[in-house]
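# Breakdown of the fold
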Amino acid sequence: MNAHTPIELDARPLSGSAPENHEIVVRDLRFNRKEKPRRWWLANDPVGTAWHNALSATFPRGEAFFIESVKAFRDGAPPALAEEIRRFIQQEVNHSREHLAFNRAAVDAGYDLTRIDAHVTDMLNLAKGRPPVVNLAATMALEHFTAILAHLLLTTPKILNDAEPEVAAMWRWHAVEEIEHKAVAHDTFLHATKHWPRRRRWLLRSISMLSITRRFVSHRIDDTVDLLTQDGITGWKARARVLWYVFGSPGYLRKVFPAWAAYFLPGFHPWKHDDRHLIPSGEAGLQGYA
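Residues numbered from 1 in each chain as written. Predicted model: local features only at pLDDT ≥ 70, side-chain atom pairs only at ≥ 80, totals over all residues. Heavy atoms only, no water.

With that settled, the discussion passes to unusual backbone geometry. The residue after S249, namely P250, is reached through a cis peptide bond having omega 5 degrees. The phi torsion at N32 lies on the positive side, around 60 degrees, for a residue other than glycine. Here N32 shows up in the segment before α1 (46–71). The phi dihedral of D162 falls on the positive side, at around 65 degrees, and the residue is not glycine. Looking at where D162 falls in the secondary structure, it is placed in the loop between α4 (132–155) and α5 (165–180). (Helix = DSSP H or I, 4+ residues; strand = E, 2+ residues; numbered from the N terminus.)

We now examine the nonpolar core. In this structure, F31, W41, L160, W171, Y245 and Y252 are the most contacted members of the largest nonpolar core, which totals 84 residues. Counting residues per element, this core draws most heavily on α4, which supplies 14 residues. Setting aside anything within four residues of it in sequence, one finds Y252 in contact with W51, H52, L149, L152, L153, I159, Y245 and V246. (Core = buried A, V, L, I, M, F, W, Y, C linked by side-chain atoms within 4.5 Å. Buried < 20%, exposed > 50% of the residue type's maximum accessible area, 1.4 Å probe, protein only. Contact = heavy atoms within 4.5 Å.)

So, on to the environment of T58. Following the sequence through the fold, T58 ends up in helix α1. Placed 38 residues apart in sequence, T58 and S96 show a C-alpha to C-alpha distance of 9.6 Å. Look past the residues within four positions of T58 in its chain and what remains in contact with it is I116, V120 and R220. Polar contacts involving the side chain of T58 include one to the main-chain carbonyl oxygen of L55, which spans 2.7 Å. (Polar contact = N/O pair within 3.5 Å; in protein donor to acceptor, adjacent residues only side chain to side chain.)

Let's shift gears to the packing of aromatic side chains. Evaluated as defined, the whole model comprises 14 aromatic pairs. An angle of 45 degrees between the planes, with centres 5.3 Å apart, marks the rings of F31 and W173 as tilted. Of this pair, F31 sits in the segment before α1 while W173 is found in helix α5, placing the two residues 142 residues apart along the sequence. The burial state of F31 is the same as that of W173; both residues are buried. (Phe/Tyr/Trp six-rings, centres within 6.5 Å; stacked < 30°, edge-to-face > 60°.)

Now for the packing of α1 against helix α3 (residues 114–125). At a minimum axis distance of 9 Å, the contact between α1 and α3 shows a crossing angle of 30 degrees. In terms of orientation, α1 lies roughly parallel with respect to α3. Here the hand of the crossing between α1 and α3 comes out right-handed. Between α1 and α3, the residues in contact are A54, A57, T58, R61, G62 and F65 and I116, D117, V120, T121 and L124, respectively. Residues belonging to the contact of α1 with α3 are distributed by class as follows: 6 nonpolar, 3 polar and 2 charged. (Axes fitted to C-alpha atoms, helices over the stretch in contact; angles between N-to-C directions. Parallel < 35°, antiparallel > 145°, perpendicular 65-115°, else oblique. Left-handed = near helix turned anticlockwise from the far one by under 90°. Nonpolar A, V, L, I, M, F, W, Y, C, P; charged D, E, K, R; others polar.)

Here the focus is the packing of α4 against helix α6 (residues 184–192). In the contact formed by α4 and α6, the axes pass within 9 Å of each other and the chain directions differ by 150 degrees. As summarised for this structure, α4 and α6 are arranged roughly antiparallel, according to the angle between their axes. For the element pair α4 and α6, the recorded crossing hand is left-handed. Taking contact as the criterion, the partners of V133, L136, A137, T139, M140 and E143 in α4 are, on α6, A185, H186, T188, F189 and A192.

The subject of this paragraph is the pattern of salt bridges. Overall, the coordinates contain 19 salt bridges when judged by the stated rule. A salt bridge links E283 to R27, with the shortest nitrogen-to-oxygen separation between them at 2.9 Å. A residue pair is termed long-range when its members are at least 10 positions apart, and E283 in helix α11 (residues 278–283) and R27 in the segment before α1 qualify at 256 residues. Residue class for E283 comes out partly exposed when judged on its relative accessible area of 27%. You can call R27 buried: its relative accessible area is 10%. The salt bridge partner of R115 is D226, with a shortest N-O separation of 2.9 Å. With R115 in helix α3 and D226 in helix α7 (residues 198–230), the pair connects residues that are 111 residues apart, well separated along the chain. Of the residues examined, R115 reaches a relative accessible area of 44% and is grouped as partly exposed. Residue D226 is classed as buried on the basis of its relative accessible area, which comes to 14%. One network of salt bridges, in which partners are shared, links D28, R30, R33, R97 and E98. (Salt bridge = Lys/Arg side-chain N within 4 Å of Asp/Glu carboxyl O.)

Here it is in structure tokens:
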């Protein structure tokens, strides 16, 4: 792929657009095919396992929504952006395939994911009939969420300490690619709204993130509690353990708060925080999964 050319999508060049020579690399890898993960695959910890399983259960349908939202604005995009959209779609298709395989393994381990799937389906049903640009704004917000969670995963190795190696490799692979394509939905949104006043663009971006955050946080906590209930961990103790996991230690949601808040700054762009240096270490050990 040629070196990425920053695209002028506003009345001025985008401050913080993708660094030169940045590439979105499609790694067609497969995980968890020969050996299925055990029930508590993350350090024999039901809470950490449930949190990641709940996230994974949302990905196949969610990533299909991301693809359709971005594809709706592919026609007429500048060549560099159109190529990034194409690679974004390829990466997301692969993510969906691998999380489907991982989710089947979770079901084989005894978990019922149907209520989580129903949550996701209800959320996506809200998108029907909405203007495509509103769905794109929702995708942009969720892509920022996945990018900052991916950053945390790659900078906090203890999260996956003692995880089954193949499952840990899958999550690192996913995190690497989320960082690589973290600005594609954002740049597509800028292209789609290039004639909008900046205030209107900022309002839609901000309102979408607030709405997405409320639903994302509450549903993922409820989904994790649901899986813990299936492990016999119930009541207030289950919810307290989940809240400690996401806000205490390792503090998934607490630690990403500053990066989340940066989204509301005027002139925000994902590449204003250049974390490409995490990609080589995240790629380490992935060679055997082709």
